Amino acid sequence: MEELLKRELQSSTAKATGHSGGGCISQGQSYDTDRGRVFVKVNHKSEAKKMFEGEMASLLAILETNTVKVPKPMKVIDVPGDGNLLVMEHLDMRYLNSHAAKLGSQLADLHLHNKNRGETLQKEEKTIGKGGGQAELQFVDQFGFHVVTCCGYLPQVNDWQKDWVTFYARHRIQPQIDMVEKESGDRDARELWSQLQLKIPGMFQGLEIVPALLHGDLWGGNVAEDQSGPIIFDPASFYGHSEFELAIAGMFGGFGSSFYSAYHSKIPKAPGFEKRLQLYQLFHYLNHWNHFGSGYRGSSLNVMRNLIK
């Protein structure tokens, strides 16, 4: 590993430190190099390259907004015959505690970034002799992402779509239902989903949804802080409905009331928020079912039954 890192990072040293970590998908280890301390994620699955390229693109997109801190990604490296590495800046992270409210505020800034860009560009267009200062601004007017991203190790369909409801049903829930059916032939899931599809458009009546850049997998295990403030990592980004972000945040804890208060002071809850939150949690329950097995079947079916009522 050290020789591979030295070669790929053009460093004379690559020495493992005592800092290691990882979850149920990838393992990680920090190394001291000529380029400073780096954190290296390792995954031996065949789909690791696609997964890490999506994560790198996600980190770069969030970094570009200058709203909430993420580790700067450096390189995706092929391990000959044995998966891939993702090299990024090492950050001294600790459990999110004193900066929870700041994270709520900065996450709202991330979600509002594209909307603010659009408004700035509109003003520029109305200005005679507009300056070149906004030339680099680009407003994203569709839902999706320019590369495949993975929530866990399963790839997400990020094909661009003008309509959010269509995007969510077709590119988020449908692929998960298809995987469930392929693995277990679960008729209940298929029948409940066919009924739920008819109800979904009604949950979005009167809402204008501007595409927001999302972290995409923001649970308590993917947030931290350092002395400067909050940090988010392990993203599975795409442009979607900002409410989607809060679904998994509410499923596994880790976010206190100060986080939500700060977030909603900038992005207030719209009518029907709680029901849509259940709809967005459905994706994560199905995704967990497809990752970890039928222990998540009951939760997935119960959410669909509740939404159909």
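Residues numbered from 1 in each chain as written. Predicted model: local features only at pLDDT ≥ 70, side-chain atom pairs only at ≥ 80, totals over all residues. Heavy atoms only, no water.

- The name an unreviewed UniProt entry gives the protein is protein-ribulosamine 3-kinase, with Sarcophilus harrisii as the organism.
- Regarding the protein, the UniProt comment filed under Sequence similarities (unreviewed entry) reads as follows: "Belongs to the fructosamine kinase family." (UniProt positions renumbered as here; feature names shortened; annotations may be inferred.)

1. Points about the overall build of the protein
Okay, so step 1: Scanning the protein from terminus to terminus reveals 9 helices and 11 strands.
Okay, so step 2: Taken over C-alpha atoms, the radius of gyration comes to 20 Å for the protein, in line with the 19 Å a tight globule of 309 residues would show.
Okay, so step 3: Reported as C-alpha extents along the three principal axes, the dimensions of the protein are approximately 60 × 60 × 35 Å.
Okay, so step 4: The 309 residues of the protein split such that 51% are buried.
Okay, so step 5: Contacts in the protein between residues far apart in sequence, at least 24 positions, make up 63% of those at least 6 positions apart.
Okay, so step 6: Carbon together with sulfur atoms contributes 49% to the accessible area of the protein, which is approximately 14800 Å² in total. (Helix = DSSP H or I, 4+ residues; strand = E, 2+ residues; numbered from the N terminus. Rg over C-alpha atoms; globule rule 2.2 N^0.38 Å. Buried < 20%, exposed > 50% of the residue type's maximum accessible area, 1.4 Å probe, protein only. Contact = heavy atoms within 4.5 Å. Areas by Shrake-Rupley, 256 points an atom, 1.4 Å probe, with all protein chains shown as cover.)

2. Examining the domain arrangement of the protein
Okay, so step 1: Its domain assignment divides the protein into domain 1 (13-92) and domain 2 (95-308).
Okay, so step 2: Its C-alpha centre places domain 1 at a distance of 23 Å from the equivalent point of domain 2.
Okay, so step 3: In this complex, domain 1 contributes 23 residues to the contact, which on the side of domain 2 involves 30 residues.
Okay, so step 4: Buried area between domain 1 and domain 2, summed over both chains or domains, comes out near 2000 Å², and the portion from carbon and sulfur atoms is 70%.
Okay, so step 5: Of all residues in domain 1, Thr-67, Val-68 and Lys-69 give up the largest surface area on contact with domain 2, accounting jointly for 25% of the area buried on that side.
Okay, so step 6: Between Arg-117 and Glu-64 there is a salt bridge whose closest N-O contact spans 2.6 Å.
Okay, so step 7: At the boundary of domain 1 with domain 2, the tally comes to 6 residue pairs in polar contact (both at pLDDT 80 or more).
Okay, so step 8: Among the elements that take part in the side of domain 1 that touches domain 2, helix α2 (residues 48-65) stands out by supplying 11 residues, more than any other.
Okay, so step 9: For the side of domain 1 that touches domain 2, a count of residues per class yields 11 nonpolar, 4 polar and 8 charged. (Domains from an automatic or database assignment. Buried area = accessible area lost by both parts, 1.4 Å probe. Salt bridge = Lys/Arg side-chain N within 4 Å of Asp/Glu carboxyl O. Polar contact = N/O pair within 3.5 Å; in protein donor to acceptor, adjacent residues only side chain to side chain. Nonpolar A, V, L, I, M, F, W, Y, C, P; charged D, E, K, R; others polar.)

3. Quick notes on the packing of helix α8 (residues 273-292) against helix α9 (residues 297-308)
Okay, so step 1: Running from amino to carboxyl end, α8 crosses α9 at an angle of 155 degrees, the nearest separation of the two axes being 9 Å. With respect to their mutual orientation, α8 and α9 come out roughly antiparallel. You can see that α8 and α9 cross each other, and the crossing is left-handed. Where α8 abuts α9, its residues Lys-275, Gln-278, Leu-279, Leu-282, Tyr-285, Leu-286 and Trp-289 lie against Arg-297, Ser-299, Ser-300, Leu-301, Val-303, Met-304, Asn-306 and Leu-307.
Okay, so step 2: Across the contact of α8 with α9, the residue classes break down as 9 nonpolar, 4 polar and 2 charged. (Axes fitted to C-alpha atoms, helices over the stretch in contact; angles between N-to-C directions. Parallel < 35°, antiparallel > 145°, perpendicular 65-115°, else oblique. Left-handed = near helix turned anticlockwise from the far one by under 90°.)

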